[in-house]
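Tertiary structure, described
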Amino acid sequence: MPYNIVDFPFLALARRLTQMTRVLPSWPAQDKRLRRNRHELAQMSTRELNDLGIGRGDIPALLDDAVAWRRDRDRCKPPA
């Protein structure tokens, strides 16, 4: 029975590596989209970004995790 103790971590690692290999082909496409979006936002003027409700300093947070960025913005809004 001692071999079961060793097998469980190994099987979990093998399962996780298998899951990661399924995701790997989509990473380059996501990286390319992220770079393109970052470049497009960087090329916009401050006024254009302001019209969208985005500050220049918000661009990294927005691209890293848009949901968390939106949640923080909603939390900081003054009450209506």
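The shown structure was predicted, so the numbers you read here are calculated from the model rather than taken from an experiment. (Residues numbered from 1 in each chain as written. Predicted model: local features only at pLDDT ≥ 70, side-chain atom pairs only at ≥ 80, totals over all residues. Heavy atoms only, no water.)

As for the overall build of the protein
A tally of regular secondary structure across the protein gives five helices and zero strands. In the protein, the succession of helices and strands from N to C terminus is α-α-α-α-α. Taking all 80 residues of the protein together, the buried fraction comes to 10%. (Helix = DSSP H or I, 4+ residues; strand = E, 2+ residues; numbered from the N terminus. Buried < 20%, exposed > 50% of the residue type's maximum accessible area, 1.4 Å probe, protein only.)

Let's talk about the pattern of salt bridges
This model, assessed by the stated rule, comprises one salt bridge. For D31, the salt bridge identified is with R35, shortest N-O distance 2.6 Å. Pair noted here: D31 and R35 are both in helix α2 (residues 27-43), with a separation of four residues, about one helical turn. (Salt bridge = Lys/Arg side-chain N within 4 Å of Asp/Glu carboxyl O.)

As for the environment of N37
Examined against the element boundaries, N37 turns out to sit in helix α2. Once the C-alpha coordinates of N37 and L63 are considered, the two residues, 26 residues apart in sequence, prove to be 8.0 Å apart.

What about the nonpolar core?
Among the nonpolar cores identified, the biggest contains seven residues, and these are L41, L49, I54, I59, L62, L63 and W69. Counting residues per element, this core draws most heavily on helix α4 (residues 59-64), at three residues. In contact with I54, not counting residues within four places along its chain, are L49, I59, L62 and W69. (Core = buried A, V, L, I, M, F, W, Y, C linked by side-chain atoms within 4.5 Å. Contact = heavy atoms within 4.5 Å.)

Thoughts on the confidence of the model for the protein
In this model, the protein carries an average pLDDT of 76, and 72% of its residues clear a pLDDT of 70 or more. Of all helices and strands in the protein, the one with the weakest mean pLDDT is helix α1 (residues 2-23) (64), whereas helix α3 (residues 46-52) scores best (89). (pLDDT = per-residue confidence, 0-100.)

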